[in-house]
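Summary of the model geometry
Given next are the chains, with one letter for each unit.
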Amino acid sequence: MILSQIVGWGEYLPKKVLTNDNLSETIETSDEWIFPRTGIKQRHIALKKELTSDLAINAAKEAFVNSTISPSDIDCVIVATTTPDDTFPSTATKVQHFFKMKDTPAFDIQAVCSGFIYSLQVADTFLKCGNAKNILVIGAETLSKIVDWEDRRTCVLFGDGAGAVIVSASEESRGILATKIYSDGSWHDSLYSDGGPSFNQKVGKIRMNGQDIFKQAVNKLSEATSKALDECNLSIKDIDWFIPHQANQRIISSTAKKLGISEEKTISTVKFHANTSAASIPLALSSAIKNGKIKDNHLIAMCAIGGGLTWGSCILKF
Ligand code: ACO
């Protein structure tokens, strides 16, 4: 049986770091307000000239270094992003061009913070259908460019970064065991950008009803994870590592508690990265592999929720 195995991983964070204390110099906020409510201490911020494609390319470069696959072996590129370089063409085509991947299909997936989980399901399906053998999947964001830096309710929450994985068709009994993806457009007004090419020909800024999102996040993340576990006849007790979307430490802890998995098994990078939307899970995954927590054959449960609402989950045998 073919399974979609993660055979490479990488990450990239812009050099510039903005701490809560730095933020309190420009807006009326403080580390004392931000940290207890969100678990965030700092976020990385891309320079004006640093584009989402630059972050994506740097994360992909590291994924190739950590893999035996080279760019010429890749037969599909998927970039999950809400902050593409341009309205069109896709950021994925810029990545494809940089690595000189001739005629390789490349496209972006727009599912906001769930984009990486959506992309894993698409990659898994392509690999299982035989449409590709090695797929580069990247979550990359420069959210700092669409944050309203005068809105303290939102600007403290987000950061920039990219994480990449190489997913290959494998006959080993390791890889993606289940993915579940969902959406419910009736929640549009709880989390959106107030701009768009068709709507007002602007990029727009992030607008959010934080309390709505908090409640939905805990329920939907835990339900989606339970459904994916059921699909592969596993229980939360079998899971070695839980990697939820890194939106907010209180959402992460409440979801882990609801599912019945300990804090020790829950990967959290939100303190250092803040919410990097589609990049948050691959960044957390890559850092947990690199620091030796995640080892071969470990069972991992990932889940995400974002604007749309969109949400989903993935069970992976690493
Ligand atoms: N610094 C200081 N004060 C602030 C700040 C800030 N950064 N932000 C809000 N406040 C003030 C508000 O102005 C308000 O004051 P007021 O009562 O005088 O008007 C007060 O704090 C309470 O504001 P609320 O917005 O009601 O604060 P809440 O307790 O809901 O906490 C938070 C806000 C942390 C965003 C919370 O709603 C939350 O965690 N929501 C989850 C949303 C999330 O993580 N979204 C990420 C994107 S979505 C995703 O990735 C899934």
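Residues numbered from 1 in each chain as written. Predicted model: local features only at pLDDT ≥ 70, side-chain atom pairs only at ≥ 80, totals over all residues. Heavy atoms only, no water.

**Let's talk about the overall build of the chain**
Threshold: Helical segments are the DSSP runs of H or I of at least four residues, strand segments are the runs of E of at least two, and each set is numbered from the N terminus. As defined in this context, the radius of gyration uses C-alpha atoms, and a globule is described by 2.2 Å times the residue total to the power 0.38. When a residue's accessible area, from a 1.4 Å probe over protein chains only, is under 20% of the maximum for its type it is buried; when over 50% it is exposed; and in between it is partly exposed. The criterion used for residue contact is that any of the two residues' heavy atoms lie within 4.5 Å. Shrake-Rupley sampling with a 1.4 Å probe provides the accessible areas, and residues are treated as covered by the protein chains on show and by no other component. Counted as positive: Lys and Arg. Counted as negative: Asp and Glu, with His and the chain ends omitted from the count. Every charge is mapped to an atom, namely NZ of Lys, CZ of Arg, CG of Asp or CD of Glu.
What the chain contains, in helices and strands, is ten helices and 13 strands. In terms of C-alpha radius of gyration, the chain reaches 18 Å, essentially the compact-globule figure of 20 Å for 318 residues. Principal axes of the C-alpha set define a box for the chain whose edges measure 55 × 45 × 40 Å. Residues counted as buried form 57% of the 318 residues belonging to the chain. Sequence separation of 24 or more characterises 76% of the internal contacts of the chain that already satisfy a separation of 6 or more. Carbon and sulfur atoms make up 52% of the accessible area of the chain, which amounts to about 13800 Å² in all. Put simply, the chain has 34 plus and 35 minus side-chain charges, and the middle of one group is 2 Å from the middle of the other.

**Things to note about the pairing of strand β13 (residues 310–317)**
We apply this condition: When DSSP locates at least two bridges between a pair of strands, those strands are taken to pair.
Along β13, seven of the eight residues are buried, which leaves the element largely enclosed by surrounding structure. The pairing of strand β8 (residues 175–183) with β13 spans eight bridges and is classified as antiparallel. Bridging from a neighbouring strand, Ile181 pairs with Gly312 of β13. What sits between strand β12 (residues 299–306) and β13 in their antiparallel hairpin is a turn of three residues, with Gly308 showing a positive phi close to 145 degrees.

**Examining the packing of helix α7 (residues 210–231) against helix α8 (residues 249–259)**
What counts is decided by this rule: Note on geometry: axes are lines fitted to C-alpha atoms, helical ones only across the stretch in contact, with angles between N-to-C directions running from 0 to 180 degrees. By the definition adopted for this analysis, an angle is roughly parallel if under 35 degrees, roughly antiparallel if over 145, roughly perpendicular if from 65 to 115, and oblique otherwise. Two helices cross in a left-handed way if the nearer one is turned anticlockwise from the farther one by less than a right angle. They cross in a right-handed way if the turn is clockwise. Side-chain classes are defined by residue name, with Ala, Val, Leu, Ile, Met, Phe, Trp, Tyr, Cys and Pro counting as nonpolar, Asp, Glu, Lys and Arg as charged, and the others, Gly among them, as polar.
It is at 9 Å that the axes of α7 and α8 come closest, and there the two elements cross at 40 degrees. Between α7 and α8, the angle is such that the two are oblique. At the point where α7 passes α8, the crossing takes the right-handed sense. On α8, the residues that touch Phe214, Ala217, Val218, Asn219, Leu221, Ser222, Thr225 and Ser226 of α7 are Arg250, Ile251, Ser254, Thr255, Lys258 and Leu259. Residue composition of the contact of α7 with α8, grouped by class: six nonpolar, six polar and two charged.

**Brief notes about the domain arrangement of the chain**
We apply this condition: Note that the domain bounds reflect an automated or database-derived domain assignment. Joining two parts hides part of their accessible area as seen by a 1.4 Å probe, and the buried area is that hidden amount summed over both. Here a salt bridge means any side-chain nitrogen of Lys or Arg lying within 4 Å of a carboxyl oxygen belonging to Asp or Glu. Side-chain atoms alone can form a polar contact between residues adjacent in sequence; in general such a contact is a pair of N or O atoms within 3.5 Å, and within protein one must be able to donate a hydrogen while the other accepts it.
Each assigned domain of the chain is listed here: domain 1 (3–170) and domain 2 (175–317). Distance from the C-alpha centre of domain 1 to the C-alpha centre of domain 2: 14 Å. Listed per partner, the contact involves 57 residues of domain 1 and 50 residues of domain 2. Summed over both sides, the interface between domain 1 and domain 2 buries roughly 4100 Å², with carbon and sulfur atoms accounting for 66% of that surface. Where domain 1 packs against domain 2, one counts three salt bridges. Linking Asp148 and Arg207 is a salt bridge whose minimum nitrogen-to-oxygen distance equals 3.0 Å. Remark: the boundary between domain 1 and domain 2 carries 23 residue pairs in polar contact (both at pLDDT 80 or more). Looking at the side of domain 1 that touches domain 2, the elements that each hand over two or more residues are β1 (3–12), α2 (31–38), β3 (42–44), α5 (115–129), β6 (134–142), α6 (152–155) and β7 (160–170). Counted by class, the side of domain 1 that touches domain 2 contains 26 nonpolar, 18 polar and 13 charged residues.

**Observations concerning the environment of Gln216**
Along the chain, Gln216 turns up in helix α7. Residue class for Gln216 comes out buried when judged on its relative accessible area of 15%. Along the primary structure Gln216 and His273 are separated by 57 residues, whereas in three dimensions their C-alpha atoms are 22 Å apart. Those residues in contact with Gln216, other than ones at most four positions away along the chain, are Trp187, Leu221, Ile305 and Leu309. Polar contacts involving the side chain of Gln216 include one to the side chain of Lys220, which spans 2.5 Å.

**Things to note about the pattern of salt bridges**
A full pass over the atoms with the stated rule returns twelve salt bridges. Between Asp124 and Lys128 there is a salt bridge, and its shortest N-O distance comes to 3.1 Å. Of the two residues, Asp124 and Lys128 both sit in helix α5, four residues apart, roughly one turn of that helix. The exposure class of Lys128 is partly exposed, given its relative accessible area of 41%. What emerges from the salt-bridge pattern is a single network uniting Glu11, Glu62 and Lys290.

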